[in-house]
Amino acid sequence: MTQTNRQFLLAQRPVGAPTRETFRFAETPLAEPGPNQILVKVEYLSLDPAMRGWMNDAKSYIAPVGLGEVMRALGVGKVVASRHPGFAEGDYVNGALGIQDYYLGEPKGFYKVDPAQAPLPRYLSALGMTGMTAYFALLAVGQPQPGETVVLSGAAGAVGSVAGQIARIKGCRVVGIAGGADKCRFLTDELGFDGAIDYKNEDLHAALKRECPKGVDVYFDNVGGDILDAVLTRINVKARVVLCGAISQYNNKEAVKGPSNYLSLLVNRARMEGMVVTDYLSRYPEAMRDMAGWLASGELKSKEDIVEGLETFPETLMKLFTGGNFGKLVLKV
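Residues numbered from 1 in each chain as written. Predicted model: local features only at pLDDT ≥ 70, side-chain atom pairs only at ≥ 80, totals over all residues. Heavy atoms only, no water.

Labelled according to an unreviewed UniProt entry, the protein appears under the name NADP-dependent oxidoreductase, originating from Stutzerimonas nosocomialis.

Right under this line is the structure:
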């Protein structure tokens, strides 16, 4: 009996938030690998805000997912068959596996991971693209100095929680913005942040004054919109604003809301810079060494929010945009 591969294909380009109807569920026969191809049994998939942008037919840092194609997603899995000289049956790999049970194709950009060194989901969080994003966005773009105040939005999320801990390791005062008392307690009690702001239940401007009495030197933005606007009113001279994401704007049906307080950048001679992690590929080994060391010493903690079942993908993805995830959102296939 021929084995089948469950897949979620992009059926339409969403206007606003994606829904189950954005995707088409399919079951296709599973083939054998051809020359230079591998067959990977997908075990865990990374669900990321960037996936919303990949659904749009618009110019970006990466080509959009085509209609009828398997929805793009990074993942980790086990090689079950190989005709590629660099990968053998039994290897575990990290790569763009897609929302499906099995990946069949050439392993472009794939690399091996060791489940004996860390749990597989961690290779999608602190030791994966999430960790690399946090590391380079903060250190290469934000360039925090000891004693400076670093503020992060989406601070209890995948990238924000790691970036904030790195800022703490580097000797900064760290303030996280998150939604809900539980997430704020997690930031201060578990991750060692110096302060937390619950944007859902307190006045953001008053809270920024309370937690950042000396202003903001580095703002690590994962959210955009009103929160970005509020923090711009508190930045110091020569502050750095890192644009890592803008999740509040991804599902807009109207034009994206830009910062109305952008003149604060002029007055304070501050810098706002966007960041895409693939620009730092050549430096990944450096970051991996640091991150692995901090994890081993206990200085860095990694929290994964794991949801089981490939069939839950459309609804699980939406947790990213409602704030329903707590830590790195991972789908266990």
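This is not the end of the story, as more comes after the structure.
A ring pair, where both rings are aromatic, is described by two values, the distance of the centres and the angle of the planes. Under the counting rule described, the total for this entry stands at nine aromatic pairs. Here F186 and F326 contribute two aromatic rings whose centre-to-centre distance is 5.1 Å and whose plane-to-plane angle is 85 degrees, an arrangement assigned as edge-to-face. Here F186, found in helix α4 (residues 181-190), pairs with F326, found in the loop between α10 (319-322) and β15 (328-332); they are 140 residues apart in sequence, far enough to count as distant. Judged by relative accessible area, which is 24%, F326 ranks as partly exposed. (Phe/Tyr/Trp six-rings, centres within 6.5 Å; stacked < 30°, edge-to-face > 60°. Helix = DSSP H or I, 4+ residues; strand = E, 2+ residues; numbered from the N terminus. Buried < 20%, exposed > 50% of the residue type's maximum accessible area, 1.4 Å probe, protein only.)

Moving on, we get to the nonpolar core. Counting residues in hydrophobic clusters, the biggest one holds 48 residues, and the most contacted among them are F136, L152, L187, F220, M275 and M291. Those elements giving two or more residues to this core turn out to be α2 (129-142), β8 (149-153), α3 (158-169), β9 (173-178), α4, β11 (216-221) and α8 (284-297). Of the residues forming this core, the biggest block, seven residues, is contributed by α2. Three or more residues apiece are contributed to this core by two domains, here domain 1 (4-122 + 303-332) and domain 2 (129-278). Ignoring anything within four residues of it in the chain, the contact list for L152 reads G160, A163, G164, V174, V175, G176, I177, F193, Y219 and F220. (Core = buried A, V, L, I, M, F, W, Y, C linked by side-chain atoms within 4.5 Å. Domains from an automatic or database assignment. Contact = heavy atoms within 4.5 Å.)

All right, on to α2 then. With eleven of its 14 residues buried, α2 lies for the most part within the structure. For α2, the set of buried residues is T130, G131, M132, T133, A134, Y135, F136, A137, L138, V141 and G142. Q143, located one to two residues past α2, shows a positive phi value of around 50 degrees.

With that out of the way, let us pick up the sheet that holds strand β10 (residues 195-198). Pairing within the open sheet is parallel, and its six strands lie in the order β10-β9-β8-β11-β12-β13. The two strands at the open ends of the sheet, each matched to only one other strand, are β10 and β13 (271-274). Neighbouring strand axes in the sheet, compared pairwise and without regard to direction, differ in orientation by 15 degrees on average. Pairing of β8 with β9 involves five bridges; the strand directions are parallel. Residue pairing for β9: V150 is matched across the bridge by V174. Across the sheet, α2 touches β8, β11, β12 (235-243) and β13, and the angle it forms with β12 is around 145 degrees. Contacting β9 and β10, helix α5 (residues 204-211) crosses the sheet at an angle of about 175 degrees to β10. (Pairing = 2+ DSSP bridges. Axes fitted to C-alpha atoms, helices over the stretch in contact; angles between N-to-C directions.)

Looking now at the domain arrangement of the protein. When the parts of a complex come together, some accessible area is lost, and that lost area is often taken as the interface size. Structurally, the protein comprises domain 1 (4-122 + 303-332) and domain 2 (129-278). Using C-alpha coordinates to define each centre, domain 1 is positioned 28 Å away from domain 2. Put simply, domain 1 and domain 2 have zero salt bridges between them. Counting every contact that joins domain 1 to domain 2 gives two residue pairs in polar contact (both at pLDDT 80 or more). Here the side of domain 1 that touches domain 2 is composed, by residue class, of ten nonpolar, five polar and four charged. (Salt bridge = Lys/Arg side-chain N within 4 Å of Asp/Glu carboxyl O. Polar contact = N/O pair within 3.5 Å; in protein donor to acceptor, adjacent residues only side chain to side chain. Nonpolar A, V, L, I, M, F, W, Y, C, P; charged D, E, K, R; others polar.)

Relative to the elements of secondary structure, T22 occurs in the loop between β1 (4-10) and β2 (23-29). Taking the C-alpha atoms as reference, T22 lies 32 Å from E273; in sequence the two are 251 residues apart. Beyond its immediate chain neighbours, meaning those up to four positions away, T22 contacts L9, L10, A11, Q12, P14 and M55.

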